[in-house]
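The chain contents come next:
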Amino acid sequence: MTTGKWLRPVAGVVLGAFAMAVQAEPIIQDIEFSSRPGSKFEVRLDFNEPPPEAKAYTIEKPARIAMDFPGASSKLERKRYSLPYGNATGVVVLESGDRTRMVVNLVKLVPYETRVEGNSMYLVVGQDGDDYLKPASDPNRLPTEVTPVADVDSEISDLQFQRTADGEGRLTLALTDPSVDVNVFSEAGDIKLQFVDTNVPERLMRRFDVTDFATPVQSVDVNTTERGATLTLKTAGDFDYLAYQTNNEYVLSVKPLTLKEVEERRNEFAYVGDRISLNFQDIEVRAVLQLIADFTEMNLVASDTVRGRITLRLQNVPWDQALELVLKTKGLDKRMIGNVLMVAPAAEIAERERQEIEANKQIAELAPLVSEFVRIRYAKASDVTKLFQAGSEEGGSLISSRGSVVVDARTNSLIITDTANKMQEIRDLIELVDIPVRQVMIESRIVIAQSDLTHNLGIEWGGGYIEPDLNGNIGSISGDTANVAALNQSIINGTTPSVSYPGALLVDLGVASTSGFAVGFTSDDLFLTAELSALEAAGEGEVVSQPKVITGDKQQANIKSGTEIPYQEASASGATSTSFKEAVLELDVTPSITPDDRIMLDLVIKQDSVGELVPSGRGGFIPSIDTTELNSQVLVGNGETVVLGGVFKTEDLESVNKVPFFGDIPYVGAFFRSTSISKTKTETLIFITPKILADTLLD
């Protein structure tokens, strides 16, 4: 027991130290590359903690800089990185055992230096000149001697790219020395320019993206090497280029090729065989064929009917072109059977092939029939049978004249009877077409946004006068009849007359008393009330319709939501009948998925509402339908939203109510009139968002 208690804390300490050691492992989290002035570039490694002390060494052939980081691991997504700098080809970061190694591959060995800042380590590779070389005591000095870059006499001072009227991409370079040595060539579909002993300013040392110019050139990469400047033009499509120089301007023109030019070029380079020279006078055709077979080391069989003599002189032409010329001259043809070339007269080969077809037909007519039950998984069995009407190699349908197909709609299966060869063709066709159709969800949002500003301004005022009788008592009342009842009741009761403020009105030109203020004045025999109300309201309304539908690729889908409006309609006999009109929100869409996972949509969107009733001419009324419709075809990315259209409508309404004559009096007339201004703006927007459903959802 004592020993166990003593071992537990020791084990805890050991495990804690091991856990701390695991947590303290340096990890390379990121790597970045950047160019520096003087034909230098920089590599930055980011660690999760201060980087460990690196052990570096160099190799002259091939030129490499290798750095080992003991105890470090790499969490980088990639192991190899290509570099666009002139003297560097790439960087490789590999993790092996208890260390991680970074190797920088160079064209030529140059000096380097390292520094550490926080959790980052920087490696600067390159040189500014001879004075850059470090002293021998410097630990970062390379153990090999570095040859300085040759003196540079010329420079590319400016670079311009433009598109001509013919669609050509024209690159214009300004040179300080017109006698510079230039090499232009095509490599792996790209165009490269090499200027010997030529420098490039730092501002031009980058990639120029010229895709928007719509020319065969996609981008221009400008770099420098120890030999000079190098420009790489990335291209697309079929093109031809022309380079020329005028004084200090060097121009490279890249033009696209038309379909006719492309076809001519293909015909020109249709023969790709090794070149051969043949110069013979009156030689047998079989001997020429034997010479070509010996030259190409090809198996050749010539028919007994191949005879005749030929004279030919062919100098440095592809051997397949020479063979083609010999065969056409003597009316011969060839067939490649496996690795053997068979040569015979064209008529003989055609007759032999015709006989083979006849023999195959006879075999098919006598071949035994077999039956097979085929279950269709995704398509409709009745639709698949229509595909069997497509022609086969023998012509006609895939089903032979002796075969038959029976459709079992209940199990969605086919019962096929035919020969074994035909059965294999049918199975291959079913395997190609019986696949799940990709599904697309189309989400549509129809937004009707309204904003209105109502401005109402009016005044309410009125009054009444109490007329005493002969005895001095309260007699009748004149003025606002709205308060007559209340005043008469006050007279009967002998109480003081009272009215409500506001409310004792002679003139009502106001608005609803939802807000406002009242001013009143009273005396023994006179009361006057005035009420001024002002109402200004601003509001925004939004009605959103959001239909969604899921359909298959290239399959039409339709969704409706709304009501049918009934109305009476009179017939010729005088009887009435009930008819209906639709007022619905309708989405009709047909999606087509493109090879790059975008979606072509054929859309018809309708938003109907009930309008006014109009006479039908037979004593009835027919409701009108207010329609908003969009018919369009758009190409949308997967999951992207596109605004298809908008209808903007503005209504301005101003109305004035006033007392005749008094309302027209300047200034004072404002107390005898009311003005109402209404502004309504309505905008209809339609948003479409298609999404391709994952194939895993269809399994």
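Here the structure is a predicted model, which means the values were calculated and not measured.

Asks: Tell me about the sheet that holds strand β28 (residues 413–419), residues and numbers included.
Replies: Spatially, β26-β28-β27 is the arrangement adopted by the three strands of the open sheet, whose pairing is antiparallel. Sheet topology places β26 (369–375) and β27 (404–408) at the edges, where each strand pairs with a single neighbour. Taking each pair of neighbouring strands and ignoring which way they run, the sheet shows an average axis angle of 15°. Of the strands in this sheet, β26 and β28 are in contact with helix α7 (residues 420–433), which crosses β28 at around 145°.

Asks: How would you explain the packing of helix α3 (residues 285–296) against helix α4 (residues 319–329) if you had to name every residue and give the values?
Replies: Packing of α3 against α4 brings their axes to within 11 Å, and their N-to-C directions diverge by 165°. Of the possible angle classes, the one that applies to α3 and α4 is roughly antiparallel. Relative to α4, the crossing made by α3 is left-handed. Residues V285, V288, L289, I292, F295 and T296 of α3 form the contact with α4, whose participating residues are W319, A322, L323, V326 and L327.

Asks: So what's going on with the pairing of β27? Which residues, and what values?
Replies: In terms of strand pairing, β27 meets β28 through five bridges, oriented antiparallel. The residue bridging S404 from the neighbouring strand is T417, located in β28.

Asks: Now, about unusual backbone geometry: what can you tell me, with residues and values included?
Replies: Here the phi dihedral of A214 falls at roughly 60°; this positive angle occurs in a residue that is not glycine. Phi at Y667 is positive, roughly 65°, even though this residue is not glycine. Structurally, Y667 can be placed in the loop between β39 (642–658) and β40 (673–692). Overall, Y667 belongs to the exposed group, its relative accessible area being 78%.

Asks: Lay out the nonpolar core in plain terms, naming residues and giving numbers.
Replies: Membership of the largest hydrophobic core comes to 27 residues, with the highest contact counts inside it found for I31, F41, F69, M102, L106 and L123. If you tally residues by element for this core, the top one is strand β2 (residues 40–47), at four residues. Discounting residues that sit within four places of it in the chain, L106 has contacts with F41, A63, I65, N87, A88, T89 and V125. One finds I191, L204, V222 and L233 within the second-largest nonpolar core, a separate group that totals 24 residues.

Asks: Tell me what's going on with the environment of A420, and back it up with residues and numbers.
Replies: The residue A420 is located in helix α7 in this model. Between the C-alpha atom of A420 and that of V370, which follows or precedes it by 50 residues, the distance is 6.6 Å. Apart from residues lying up to four places away in sequence, A420 is in contact with P368 and V370.

Asks: Account for α4, naming residues and giving values.
Replies: Of all the positions in α4, only W319, D320, A322, L323, V326 and L327 are classed as buried. End-on view of α4: buried residues confined to an arc of 155°, all on one side of the axis. Along α4, exposed side chains directed more than 90 degrees from the buried face belong to K328 and T329. Those residues of α4 hidden inside the fold are in contact with β21 (275–284), α3, β23 (309–318), β24 (332–337) and β25 (340–345). Backbone geometry just downstream of α4 places G331 in the positive-phi region, at approximately 70°.

Asks: Give a description of the sheet that holds strand β17 (residues 217–224) that names residues and reports values.
Replies: Pairing within the open sheet is antiparallel, and its five strands lie in the order β13-β14-β18-β17-β16. The sheet is open, and its two borders are formed by β13 (182–187) and β16 (207–209), each paired with just one other strand. For this sheet, the mean angle separating the axes of adjacent strands, direction not counted, is 15°. Taken together, the seven bridges between β17 and strand β18 (residues 228–235) define a ladder with antiparallel strand orientation. Counted as the bridge partner of S219 is K234 from β18.

Asks: Can you tell me about the pattern of salt bridges, naming the residues and giving the values?
Replies: Counting across every chain of the model gives 22 salt bridges. For the salt bridge of K560 with E582, the shortest nitrogen-to-oxygen distance reads 3.6 Å. Highlighted residues: K560 in strand β35 (residues 557–570) and E582 in strand β36 (residues 576–593), separated in sequence by 22 residues. The exposure class of K560 is partly exposed, given its relative accessible area of 43%. Through salt bridges with shared partners, one network takes in E32, R44 and D46.

Asks: Provide a residue-level description of the packing of aromatic side chains, including the pertinent values.
Replies: Two aromatic rings, taken as a pair, are described by how far apart their centres are and by the angle between their planes. Going through the model one piece at a time under the given rule, you end up with six aromatic pairs. Taking the centre distance of 5.7 Å and the plane angle of 55° together, the rings of F33 and Y81 count as tilted. Taken together, the residues F33 in strand β1 (residues 27–36) and Y81 in strand β6 (residues 80–82) connect sequence positions 48 residues apart. Judged by relative accessible area, F33 falls into the partly exposed class, the value being 25%. The rings of F661, F662 and F672 are connected pair by pair, giving a single aromatic cluster. Looking at R115, its charged tip hangs above the ring of Y122, at a distance of 4.3 Å from the centre.

Asks: Now, about the confidence of the model for the chain: what can you tell me, with residues and values included?
Replies: Mean pLDDT over the chain: 75, with 74% of residues reaching 70 or higher. By mean pLDDT, the top-scoring element of the chain is strand β12 (residues 169–175) (92), and the lowest-scoring one is strand β32 (residues 517–522) (42). Low pLDDT, under 50, characterises residues 474–485; the predicted model gives this stretch 33 contacts beyond four residues in sequence or across chains. Low confidence marks residues 499–539, where pLDDT is under 50. Its contacts with residues over four positions away, or in another chain, come to 102 contacts.

Asks: So what's going on with the environment of P178? Residues and values would help.
Replies: Residue position: P178 is located in the loop between β12 and β13. For the pair P178 and Y250, spaced 72 residues apart in sequence, the C-alpha to C-alpha distance is 8.5 Å. Every residue in contact with P178, bar those within four places of it in the chain, is listed here: Q245, N247 and N248.

Reading guide: rules and limits
- Residues numbered from 1 in each chain as written.
- Predicted model: local features only at pLDDT ≥ 70, side-chain atom pairs only at ≥ 80, totals over all residues.
- Heavy atoms only, no water.
- Pairing = 2+ DSSP bridges.
- Helix = DSSP H or I, 4+ residues; strand = E, 2+ residues; numbered from the N terminus.
- Axes fitted to C-alpha atoms, helices over the stretch in contact; angles between N-to-C directions.
- Contact = heavy atoms within 4.5 Å.
- Parallel < 35°, antiparallel > 145°, perpendicular 65-115°, else oblique.
- Left-handed = near helix turned anticlockwise from the far one by under 90°.
- Buried < 20%, exposed > 50% of the residue type's maximum accessible area, 1.4 Å probe, protein only.
- Core = buried A, V, L, I, M, F, W, Y, C linked by side-chain atoms within 4.5 Å.
- Arc of directions from axis to C-beta.
- Salt bridge = Lys/Arg side-chain N within 4 Å of Asp/Glu carboxyl O.
- Phe/Tyr/Trp six-rings, centres within 6.5 Å; stacked < 30°, edge-to-face > 60°.
- Lys NZ or Arg CZ within 6 Å of the ring centre and 35° of its normal.
- pLDDT = per-residue confidence, 0-100.

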